[in-house]
Structures are given as structure tokens and as C-alpha cells.
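Chain by chain, the residues run as shown.
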Amino acid sequence: MPSESVSFSELLRQPSETADRLSHARAVRLRRRDAADLVLMSADRAAAEGEVVDLTTRLLASVARRDPTLVRESLPTVLPWVRFLPAKDLEQMAGEFVATAEAAAAMGNTAAISQLLTEWRHTAEIHADPDLHRILAAPSSDDFGPVARPSGE
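For every chain, the first residue of the written sequence is number 1, and numbering continues from 1 along that sequence. Whole-chain, interface and lining totals are the exception, using all residues; otherwise, since this is a predicted model, local features are given only for residues with pLDDT of at least 70 and side-chain atom pairs are given and counted only at 80 or more. Hydrogens are left out, water is left out, and the side-chain values use all remaining heavy atoms of the structure.

1. Some words on the pattern of salt bridges
Salt bridge, as applied in this entry: a Lys or Arg side-chain nitrogen positioned within 4 Å of an Asp or Glu carboxyl oxygen. The full count for this structure, using the stated rule, is 7 salt bridges. The residue Glu10 makes a salt bridge to Arg21 at a minimum N-O spacing of 3.0 Å. With a gap of 11 residues between them, Glu10 in helix α1 (residues 8-13) and Arg21 in the loop between α2 (15-20) and β2 (28-31) connect regions that are remote in the sequence. When its relative accessible area of 17% is taken as the criterion, Glu10 is described as buried. Burial classes: relative accessible area under 20% of the type maximum marks a residue as buried, over 50% as exposed, and values in between as partly exposed (1.4 Å probe, protein chains only). When its relative accessible area of 24% is taken as the criterion, Arg21 is described as partly exposed. When the shortest N-O distance is used, the salt bridge between Arg58 and Asp54 registers 2.9 Å. On the criterion of helical spacing, the pair formed by Arg58 and Asp54 is a turn pair, its members being 4 residues apart in helix α3 (residues 43-66). Exposure remark for Arg58: the relative accessible area of 42% places this residue in the partly exposed category. Strands here are runs of E lasting at least two residues and helices are runs of H or I lasting at least four, both read from the DSSP assignment and numbered beginning at the N terminus.

Structure, rendered in C-alpha cells:
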């Protein structure tokens, strides 16, 4: 069942019709102009998907504890960008992924897993670009001063 997409204002104008879209769609994406999009989903489906994520995470952690090399060897198939990581970093990433996934599942919040993947993907991007890697790996004794707070935060 594919997700549908509607504007947030459509939900406000036609709440019943928008909610009825869930009868033939997994979820409805609510597009907003000045903020992050939202997803409308039935509580039953959200609970079922959460249960699947929790089970899958716990199963992965259990398998990884029995054979730690299995996750490390599988990651390039699932996340092709890990091929840019040095072997030592890939091993560290695999260990952090399993530990973080297990902890996140116990809390019922996968945001930490997403953050971990984003950070390691950026590390892989640096290793993939020789010029960028050289610049960032070079020693520096300079203090480049205060950093401005990113906009939007």
C-alpha cells in the first residue's frame, strides 16, 4: 500500500476525507510550507510497525552478539557507502550500530539510530573525497574563532 501525499491545509479543510485515504494507503504525508512534513497513520498500523522495528532490532542485536562479523560483512550490501570507510572504522560503526539499535529499541525511539547513520555517512563522504580528507586530516594549531549557530535551529 503506497503512501499518499496531501497538503496540510487539505486536512484542515476536509479532515474526514483526508483520514479516509488511510483505507487504501499505508499513511498520508501532510505537506507543510514552513515546517517539516507530518505523517498521518492509523494507531494500529503505527503500533504494528513499531512492533516489527522492535523485534527486528532485537533479533539483529542477538545475531550480532553471536557472530559480530555478520553485521560488519552485511553492511556494504545494505549501506553501500560504508565501502568508503577504512576497515577499522567499519568495525567501529558496526559495533556502534548494534549497540545503538538495541538501546533505541529498548526506549522505543529510533532517532539515535538515524543520527548515528547520518554521522557515519558523513564520515564516509570525507573518506570518499581525497581532497576533503586531506584538508580535514591535516593538523591544525589555529583557533578559527567562534562558529555561528546554524540557521533554523
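2. Brief notes about the sheet that holds strand β3 (residues 38-40)
Pairing is mixed in the open sheet, where 3 strands are placed in the order β1-β2-β3. The open sheet is flanked by β1 (4-7) and β3, the only strands paired with a single partner. Sheet twist, expressed as the mean angle between neighbouring strand axes with direction ignored, is 30°. Two strands qualify as a pair provided DSSP detects at least 2 bridges between them. Note that β1 and β2 share 4 bridges and pair parallel. If you follow Glu4 over to β2, its bridge partner there is Val28. Here an axis means a line fitted to C-alpha atoms, over the contact stretch when the element is a helix, while the angle between two N-to-C directions is reported on a 0 to 180 degree scale.

3. A closer look at the nonpolar core
Counting 19 residues, the largest nonpolar core has Leu75, Trp81, Val82, Leu85 and Met93 as its most contacted members. Of all the elements in the fold, those that place two or more residues in this core are α3, α4 (68-78), α5 (87-107) and α6 (111-128). Looking at this core element by element, the count peaks at 7 residues for α5. Whether two residues touch is decided by their heavy atoms; if any such pair falls within 4.5 Å, the residues are in contact. Those residues within four positions of Met93 in sequence are excluded, and the remaining contacts are Leu75, Leu79, Trp81, Val82, Leu85, Leu117 and Trp120. Residue types Ala, Val, Leu, Ile, Met, Phe, Trp, Tyr and Cys, when buried and joined through side-chain atoms within 4.5 Å, form a set referred to as a nonpolar core.

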